[in-house]
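Observations on the model geometry
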Amino acid sequence: KKKRTLIFAAVLACACMAAIVVVSKIVTANRYQKAVSLMEAGEYDAAIELFEGLGDYKDSPENYLYSKYRNATVLLEAEKYREAYDEFRELKEYRDSPKKLKKAQLGNIYGDMEALVDAGEYKEADRVYADVDQEDYEECQELLERMEQLNVVNQYYLAEGFMEEGQYKEATAAFRESGYYGDSQEKMLQIFQSVSVGDSIYLGACEQDNIKWNGPENIEWRILEKEEERILVISRYVLDGIPYDSD
């Protein structure tokens, strides 16, 4: 009788173990299906959590990466650049993550610059823009154009600040960099009326450093004489040279 009891207990234990395995497989399969459904519905955060917990079950590793990629892409499209940057950095070489990482990085820089302009930190915003190597972000043209537009406004405000401080040379350079944004032309006339003999201003541009790719440089002019509405100026540097005699 004791032997039969032991056999029954062993069979019961095996049956319990088998039931646990079956239940575990069912639970895992259900979690997998739920994760796939969440992924397909665009609820990537929840899907990522489930796929991560599923380990190597079926194609969970690939679905985990894909969900993170799609989540990062959504963040990027929503201009949540910092969050997107963190996600794409974790994805490394997955699909076109390196390309989108660059865009997120530039978006972060744009956001920093925009915040500085809004805070009136125009000189710091100018430094941020100057530090951007546009060749590194040539595939992010839309963002580069937005940064350029923001820089136009920033240069205008920067010029106004220089003008108020009596730094006319810097003011005229900044107004030019702004593309003479807004009422820059009127402000330039005010500067011409305010300058004194010996002051310098920037007006126009000309190739001066023999480096063609960086465009022409601002021309610096020194005030020699001033009469009511007229000023006599001379460029600080020789702008061109023409042979006097061909012989």
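For the structure, see preceding data.
Below: a short report on this structure. (Residues numbered from 1 in each chain as written. Predicted model: local features only at pLDDT ≥ 70, side-chain atom pairs only at ≥ 80, totals over all residues. Heavy atoms only, no water.)

Moving on, we come to a negative patch on the surface. A grouping of Asp133, Glu135, Asp136, Glu138 and Glu139 is seen on the molecular surface, where their side chains present a negatively charged patch. Tracing the chain through its elements places aspartate 136 in the loop between α6 (122-130) and α7 (141-164). Of the residues examined, aspartate 136 reaches a relative accessible area of 43% and is grouped as partly exposed. (Patch = residues over 30% accessible without salt bridge, like charges linked within 9 Å, V, L, I, M, F, W, Y side chains within 5 Å. Areas by Shrake-Rupley, 256 points an atom, 1.4 Å probe, with all protein chains shown as cover. Salt bridge = Lys/Arg side-chain N within 4 Å of Asp/Glu carboxyl O. Lys, Arg positive; Asp, Glu negative; His and termini not counted. Charge placed at Lys NZ, Arg CZ, Asp CG, Glu CD. Helix = DSSP H or I, 4+ residues; strand = E, 2+ residues; numbered from the N terminus. Buried < 20%, exposed > 50% of the residue type's maximum accessible area, 1.4 Å probe, protein only.)

With that out of the way, let us pick up the pattern of salt bridges. A complete count under the given rule lists twelve salt bridges for this structure. Between glutamate 90 and lysine 68 there is a salt bridge; the shortest N-O distance is 3.1 Å. Of the two residues, glutamate 90 is situated in helix α4 (residues 81-91) and lysine 68 in helix α3 (residues 60-77); the sequence distance between them amounts to 22 residues. A relative accessible area of 52% places glutamate 90 in the exposed class. Residue lysine 187 is joined to glutamate 160 by a salt bridge in which the shortest nitrogen-to-oxygen separation is 2.7 Å. Placement of lysine 187 in helix α9 (residues 184-194) and of glutamate 160 in helix α7 is noted, with a sequence separation of 27 residues between them. Put simply, Lys68, Glu87 and Glu90 are held in one network by salt bridges that share partners.

As a further point, take the sheet that holds strand β2 (residues 217-227). Pairing is antiparallel in the open sheet, where three strands are placed in the order β1-β2-β3. The open sheet has two edge strands, β1 (200-206) and β3 (230-235), and neither has a second partner. Strand-to-strand twist of the sheet, defined as the mean angle between neighbouring strand axes without regard to direction, takes the value 45°. Across five bridges, β1 lies against β2 in antiparallel orientation. Counted as the bridge partner of tyrosine 202 is glutamate 220 from β2. (Pairing = 2+ DSSP bridges. Axes fitted to C-alpha atoms, helices over the stretch in contact; angles between N-to-C directions.)

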